[in-house]
Protein chains: 2
Amino acid sequence: MFTTLDNLAGPGPQPDQDARTRVLECAYRLFYRHGLRATGIDRIIAESGVAKASFYRHFPTKQALVEAYLDLRHARWMGWMESRLSAAPDARAWLAALPDALDDWFRAPGFRGCAFINGHAEAGTEAPAMTVTHKRELAARIARACAEAGLAPPDEVAADLLLATEGAIVRAQMEGADAARGPLLRAFARVLAGPERAAA
Amino acid sequence: MFTTLDNLAGPGPQPDQDARTRVLECAYRLFYRHGLRATGIDRIIAESGVAKASFYRHFPTKQALVEAYLDLRHARWMGWMESRLSAAPDARAWLAALPDALDDWFRAPGFRGCAFINGHAEAGTEAPAMTVTHKRELAARIARACAEAGLAPPDEVAADLLLATEGAIVRAQMEGADAARGPLLRAFARVLAGPERAAA
DNA sequence: CAGAAAAGAGACAGGTCTGTCTATATGCTT
DNA sequence: AAGCATATAGACAGACCTGTCTCTTTTCTG
């Protein structure tokens, strides 16, 4: 599994890979960089150096390629996050390190926001299920850490941390990593400060 | 100025309006509902009941129409927010009421997230400047309220509130208003609780 | 080695996209 | 009444879109 930010951005297609991999890596880069609708099949075929018939053998429709792209992105992103936070000695430290990890991501070259937020924004209700599933799995992972860290109720704390995470992603995308860093760190610090969280 | 949520969603084109207004109202609905790229000029022309030449007289390119749409959306959204919060007796109450106002918006029929976040997600660096400008003006408005409410430093507090706002918009878009409400209320309550905010 | 699966190259179809053009009708202003 | 801006109606161009098809070559496997 890819665990570096460079690989998160995508290694790009390489000649010695098989046709399916070349197409998928190429789509991975172009879909993230330019968006789903803005990226045409023809361009992916041209840049991946694959024949059209070969493309349609592996991906019967563009939609299938989009879904494969989001699946791959999900696997890589989660893998990167786990790897980036694997040094944390316990769940509490894991949660405390999450904002720094996100900040690294925001500063990685080619950062253009969250592929799932962007995909959902573009496709709306017709967006692949992974756009929502990714967020649910992230929420579940954070909730697990909250439970292990003794932060109760874990689902509620996780929802609070996810809200801050989403906000930071959008802020970083529109205004840059510097604009997101401070508010994100403070939001996490406040949520993790203790159970004396204000009720609605 | 339009001040209701229904009008925020758009009144739609009406026969007695002039051609430019009919086009713009139609674009307003379609761009928000289906996205920028997914909405073709031909469809806007057909649904607004305008001749193609008339369209291109008022909007030399599609990009110009997109910009006009975002300008209008900005004006209406800010107008709606001010109207919705005009009953607040002071700046403190104004800030405290913001999450409820946002929650109303999330629950309005046809809610599909923030037009500026969505537009930026779709068009990236080529997105119209208004996608970013809108957020800056909203941040400035919140910062003004923070200053009036004696929350210091106002820009920092405003950035914290904006982060929560953006996160809530995205959560509401992907998971529904119910998922966003609790975390948003708690985030605001924490930030507004006092100046003893944890440092990074 | 022989057959099958996969890949390459590219023509083609049918649709949609933005934007231009011609021709005609309507309504306002002077 | 004349002229002009604006409207309608719709053909048209040229590009791009997804997806299908044919034909040849390579590569893998039994």
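Scroll up for the structure.
Residues numbered from 1 in each chain as written. Chains lettered and ligands numbered in written order. Predicted model: local features only at pLDDT ≥ 70, side-chain atom pairs only at ≥ 80, totals over all residues. Heavy atoms only, no water.

A.B. asks: Could you clarify how one ought to interpret the pattern of salt bridges in this entry?
C.D. replies: Oppositely charged side chains are able to pair whenever their charged atoms sit close together. For the structure shown, the criterion picks out 34 salt bridges over all chains. A salt bridge links glutamate 156 of chain B to arginine 186 of chain A; its shortest N-O distance comes to 3.6 Å. Here glutamate 156 of chain B, found in helix α9 (residues 154-175), pairs with arginine 186 of chain A, found in helix α10 (residues 177-192), and the two come from separate chains. Note on glutamate 156 of chain B: relative accessible area 28%, which makes it partly exposed. The partner of aspartate 104 of chain B in a salt bridge is arginine 84 of chain B, and the shortest N-O contact between them spans 2.8 Å. With aspartate 104 of chain B in helix α6 (residues 91-107) and arginine 84 of chain B in helix α5 (residues 62-84), the pair connects residues that are 20 residues apart, well separated along the chain. Taking relative accessible area as the criterion, aspartate 104 of chain B reaches 30% and is therefore assigned partly exposed. Take arginine 84 of chain B: its relative accessible area is 30%, and that puts it in the partly exposed class. Put simply, Asp100, Asp103, Arg107, Asp178 and Arg181 of chain A are held in one network by salt bridges that share partners. (Salt bridge = Lys/Arg side-chain N within 4 Å of Asp/Glu carboxyl O. Helix = DSSP H or I, 4+ residues; strand = E, 2+ residues; numbered from the N terminus. Buried < 20%, exposed > 50% of the residue type's maximum accessible area, 1.4 Å probe, protein only.)

A.B. asks: Even after reading the chapter, I still don't get the protein's contact with DNA strand C, so can you show me in this structure?
C.D. replies: Among the 19 residues in the neighbourhood of DNA strand C, the closest are listed as Arg57 and His58 of chain A together with Ile41, Lys52 and Lys62 of chain B. In the model, a phosphate oxygen of DNA strand C is placed 3.3 Å from a nitrogen or oxygen of the alanine 51 of chain A main chain. Within the contact set of DNA strand C, a phosphate oxygen lies 3.4 Å away from a side-chain nitrogen or oxygen of serine 54 of chain A. Going through the elements one at a time, α2 (19-34) and α4 (52-58) of chain A together with α3 (41-48) and α4 (52-58) of chain B are the ones with two or more residues in the surface near DNA strand C. Looking at the surface near DNA strand C, the element that brings in the most residues is α4 of chain A, giving five residues. Grouping the constituent residues of the surface near DNA strand C by class yields seven nonpolar, six polar and six charged. (Near = heavy atom within 4 Å. Polar contact = N/O pair within 3.5 Å; in protein donor to acceptor, adjacent residues only side chain to side chain. Nonpolar A, V, L, I, M, F, W, Y, C, P; charged D, E, K, R; others polar.)

A.B. asks: Help me understand helix α7 (residues 115-123) of chain A, please; the structure alone is not making it clear to me.
C.D. replies: Every α-helical turn comprises 3.6 residues, leaving residues that sit three or four positions apart pointing alike. Residues and elements named next belong to chain A. Summarising burial for α7: eight of the nine residues are buried, a large majority. Within α7, the full set of buried residues consists of Ala115, Phe116, Ile117, Asn118, Gly119, His120, Ala121 and Glu122. Backbone geometry just after α7 places glycine 124 at a positive phi near 60 degrees.

A.B. asks: Sorry, what's going on with the nonpolar core here?
C.D. replies: Among soluble globular proteins, nonpolar side chains are generally buried collectively. Ranked by internal contacts, the top residues of the largest apolar core, which has 133 residues, are Phe106 of chain A together with Leu65 and Phe106 of chain B. The contact partners of phenylalanine 106 of chain B, leaving out residues within four places of it in the chain, are Phe111, Ala168, Ile169, Ala172, Ala177, Ala180 and Leu184 of chain B. (Core = buried A, V, L, I, M, F, W, Y, C linked by side-chain atoms within 4.5 Å. Contact = heavy atoms within 4.5 Å.)

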